[in-house]
Amino acid sequence: MAQALDIDRWNLECEFNNTDHRTDLNGVDRLIVRRGQSFTISLYLRSGLYQPGVTSLDCVAETGPQPSEQYGTRASFGLSANIDTSRWSAAVTSPPGDMVALSICSAPDAPIGRYTLTLGQSARIEFILLFNPWCPGDAVYMDNEQSLAEYVLSQDGIIFRGSYKHPIPTPWNFGQFESGILDICLRILDVNPKCLKNPGKDYSGRRNPIYVSRVLSAMVNCNDDKGVLLGRWTNDYAGGVSPMFWRGSVEILYNWETQACQPVRYGQCWVFAAVACSVSRALGIPCRVVTNYLSAHDTNSNLTIERYIDENGDPIQSREMIWNYHCWIESWMTRPDLKPDFNGWQASDPTPQEKSEGVYCCGPIPLRAIKEGELTFKYDAPFVFAEVNADVITFMKKKDGNTSNVTNNTVVGQKISTKSVGSDAREDITHLYKFPEGSDEEREAFKRANHQNKLLKQQQNQGLHLAIKVTADMRKGCDFDVFAVVTNNTQSEKKCRLVFGSCALSYNGSMGANCGFKDLLNVELPPGGERRVPLRLNYSKYGDNLTEDNLIRLAALLLDYSTGEAMLAVRNIVLENPEIKIRILGEPKENRKLAAELTLKNPLPEPLENCCFSIEGANLTGGHVISERLGSSVGPGEDAKVKVYFTPTHSGLRKLVVDFDSTKLCHVKGYRNVIIGK
């Protein structure tokens with residue numbers, strides 16, 4: 001007859017198990033393991049010995065408020081001769097005696113989250129179970145160690161902003177293993193409306209990364225729920241801070257937790273995406289932030305953005321916008337709910353733009369479905385397809401109320417970018433979303449997506465050509481020229497009107513105040529001739545009008561008197577912030593105090609007041625932001641300089657993220673990679 005083990009006490013061997021399961025950066029004070037991989041705990045017996053084939057042990061693993069075997073949130077199993085990694089199983093791996101080494105393995109499709117494991121009559125242990133991208137049986141399995149190091153384990157990264165002609169890398173502290181962050185991520189799942197409505201079903205759904213990533217895309221914004229962030233796209237950030245303020249996700253998640261799940265104010269697309277990336281990586285889903293330059297926001301699903309301008313070329317605002325850039329995330333998983341070959345990277349977007357199934361969320365949708373024009377695939381394929389492929393049609397509204405078509409060459413979905421694996425370089429992933437322009441495959445995808453406008457568009461080689469050219473010296477604080485270049489490719493002389501204007505711009509396409517304007521009523525061009533028309537942009541004019549995005553929209557409108565045709569060229573330029581120089585003083589070692597000397601030269605022709613440097617970094621600043629204010633103003637051409645002290649807690653390559661803020665120069669970002677020795 002089988003004899004039950006009489007367990008007196010136990011040791012969860014957290015340091016060994018967490019290290020083996022690559023969760024040790026969360027700490028080793030509690031058991032955190034990944035699914036489909038065994039872990040071993042030590043049981044000390046009160047009486048009797050473990051005897052193979054004689055001793056029995058009833059094990060029950062449970063998660064959620066209503067555990068049930070039907071929902072997969074409860075599993076009962078006994079001792080086996082060997083571990084079976086395809087299901088919940090347990091086996092003894094020690095020789096007979098009064099100490100038992102018990103190996104336990106969860107099913108590779110078990111729901112993630114907090115578990116209670118009951119062993120026999122007397123032992124109850126608790127642990128956290130995460131997705132396991134190292135396990136071939138897990139839906140998030142990724143077969144590449146360098147990619148796993150980047151997309152799961154790396155706690156910092158680069159998000160690309162700026163413009164498609166000039167992508168600017170912005171450092172970000174994801175901090176997914178900082179103290180308390182994993183608990184906050186599980187809390188996000190617990191307060192989601194689906195869980196509040198039907199906890200049993202929601203906990204069961206947590207076995208599926210498709211379900212979890214869709215919940216996260218809704219919960220990172222607060223539009224329908226107790227989500228993490230409130231978006232704000234005006235320049236009024238009363239009651240919170242500008243989205244530019246944030247250097248990482250940790251402070252945002254801490255604030256949400258301490259504010260009893262009230263939304264943190266404020267976020268914009270890169271902040272929403274970065275927080276979603278932190279939570280995904282914390283839970284074990286490989287994830288990356290991507291940037292789509294010239295991203296279309298198509299509100300009526302006709303794959304066309306209709307833009308209207310007045311007779312000066314100034315845009316008339318509408319809900320359909322072209323964002324200078326837009327960020328979302330990609331998560332790695334299989335798609336058994338779709339036909340084969342749609343596994344791998346899936347796009348989802350936590351920025352609240354349009355509702356999906358009644359909720360502000362978007363995705364996950366396979367990148368391959370976007371590329372091939374499979375718009376019926378789940379979830380939200382038409383919206384993402386339009387973001388990278390929409391056609392742009394421009395109309396001019398005249399004073400008499402009539403409208404006319406304007407030729408323009410805006411192509412949406414440019415330079416789709418993410419951080420490279422193992423380096424800070426930009427990786428261009430446009431080819432994962434789109435076939436080469438003009439290729440047969442692109443035509444096939446457009447046919448499948450019923451994208452008629454793009455199919456009908458022939459290359460219009462017009463007689464007149466209009467372009468905007470810029471020079472390299474466009475730095476904040478400088479005066480500089482930009483140029484409208486008009487070329488006459490016809491055999492006859494042309495007389496034209498050229499309107500050349502500029503205005504401040506937010507990254508989501510909203511226009512600000514005028515930064516310089518020119519209206520030439522009589523531009524004459526001989527056959528084959530070219531005119532370069534300069535527009536001077538003076539800091540005295542643009543300085544106070546710029547938003548924190550440092551963007552200026554240049555627009556040239558050309559009217560051909562002989563044909564009545566109009567042509568529009570638009571280019572968004574981004575003004576470079578000065579560089580923050582970061583010098584590390586002393587030898588970087590774990591648990592030893594270090595200093596960073598931070599320097600920024602004032603590039604403006606006026607003094608900077610209220611200057612403040614802030615730093616943070618995963619395993620560098622203890623999960624906190626360290627700030628240092630300057631006591632005095634910094635004159636034109638002078639250096640702002642401080643020393644900041646911090647104590648690294650773990651060895652390895654870490655990113656120190658730095659932010660400089662002042663009255664006239666807001667939220668300048670910089671970073672330095674630091675190798676911390678043991």
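Residues numbered from 1 in each chain as written. Predicted model: local features only at pLDDT ≥ 70, side-chain atom pairs only at ≥ 80, totals over all residues. Heavy atoms only, no water.

A sheet is described by the order of its strands in space; here four strands give the open sequence 36-35-38-39, paired in antiparallel fashion. Whereas interior strands pair on both sides, the edge strands pair on one side only; in this sheet they are strand 36 (626-629) and strand 39 (668-676). Pairwise comparison of adjacent strand axes, ignoring direction, gives a mean angle of 20° for this sheet. Sheet topology note: the strand 35 (residues 612-616)/strand 38 (residues 652-661) ladder contains five bridges and is antiparallel. Looking across to strand 38, one finds that Cys612 is bridged to Asp661. (Pairing = 2+ DSSP bridges. Helix = DSSP H or I, 4+ residues; strand = E, 2+ residues; numbered from the N terminus. Axes fitted to C-alpha atoms, helices over the stretch in contact; angles between N-to-C directions.)

Here the focus is the UniProt feature "binding site: Ca(2+)" (unreviewed entry) in the chain. Summarizing the sequence annotation, UniProt attributes the feature "binding site: Ca(2+)" (unreviewed entry) to Asn389, Asp391, Glu437 and Glu442 in the numbering used throughout. The greatest C-alpha distance among the annotated residues, which extend across 54 residues, is 13.8 Å, indicating that they converge on a single site. On the secondary structure map, Glu437 appears in the loop between helix 11 (430-433) and helix 12 (440-448). Glu437 has contacts with Val411 and Glu442, leaving out every residue within four places of it along the chain. Within the secondary structure layout, Glu442 lies in helix 12. Looking at Glu442, the relative accessible area reads 12%, which means it is buried. If we ignore the near neighbours within four places in the chain, the residues touching Glu442 are Phe435, Pro436 and Glu437. (UniProt positions renumbered as here; feature names shortened; annotations may be inferred. Contact = heavy atoms within 4.5 Å. Buried < 20%, exposed > 50% of the residue type's maximum accessible area, 1.4 Å probe, protein only.)

Another point: the nonpolar core. Taken as a class, soluble globular proteins show a tendency for nonpolar side chains to be buried jointly. One finds Trp172, Leu229, Ile252, Trp270 and Leu283 to be the most contacted residues of the largest nonpolar core, which totals 62 residues. Listed by contribution, the elements that provide at least two residues to this core are strand 11 (123-130), strand 12 (156-163), helix 3 (181-190), helix 6 (209-219), helix 7 (250-258), helix 8 (269-283), strand 16 (287-297) and strand 19 (321-333). When residues of this core are assigned to their parent elements, the largest contribution, twelve residues, is made by helix 8. Not counting chain neighbours up to four residues away, the residues in contact with Trp270 comprise Ile159, Arg161, Trp172, Pro243, Met244, Tyr325, Cys327 and Tyr507. Listed in part, the 55 residues of the second largest apolar core include Leu537, Leu608, Phe660 and Leu665. (Core = buried A, V, L, I, M, F, W, Y, C linked by side-chain atoms within 4.5 Å.)

Turning next to the side chain of Arg307. Along the chain, Arg307 falls in strand 17 (residues 304-309). Although buried, Arg307 forms no salt bridge, and the nearest oppositely charged side chain, Glu320, lies 9.5 Å from it. Separated by 3.2 Å, the side chains of Arg307 and Thr410 make a polar contact. With residues near it in sequence (within four places) discarded, Arg307 still touches Ile322, Val392, Ile393, Thr394, Phe395, Asn408, Thr410, Leu568 and Val570. (Lys, Arg positive; Asp, Glu negative; His and termini not counted. Salt bridge = Lys/Arg side-chain N within 4 Å of Asp/Glu carboxyl O. Polar contact = N/O pair within 3.5 Å; in protein donor to acceptor, adjacent residues only side chain to side chain.)

This part covers the environment of Met244. Among the secondary structure elements, Met244 is positioned in the loop between strand 14 (229-231) and helix 7. For Met244, the contacting residues outside a window of four places in its chain are Arg161, Trp270, Glu548, Asp549, Asp659, His667 and Lys669.

Let us look at the UniProt feature "active site" (unreviewed entry) in the chain. Sites flagged by UniProt as "active site" (unreviewed entry) map to Cys269, His326 and Asp349. Despite a sequence span of 81 residues, these residues sit close together in the fold, their greatest C-alpha distance being 9.8 Å. Apart from residues no more than four positions distant in its own chain, Cys269 is found in contact with Trp233, Trp323, Tyr325, His326, Cys327, Thr351 and Tyr507. By the element assignment, His326 lies in strand 19. Accessibility expressed as a relative area gives 0% for His326, which makes it buried. Leaving out residues up to four positions away in the same chain, His326 has contacts with Cys269, Val290, Thr291, Asn292, Ser295, Asp349, Thr351, Gln353 and Glu387.

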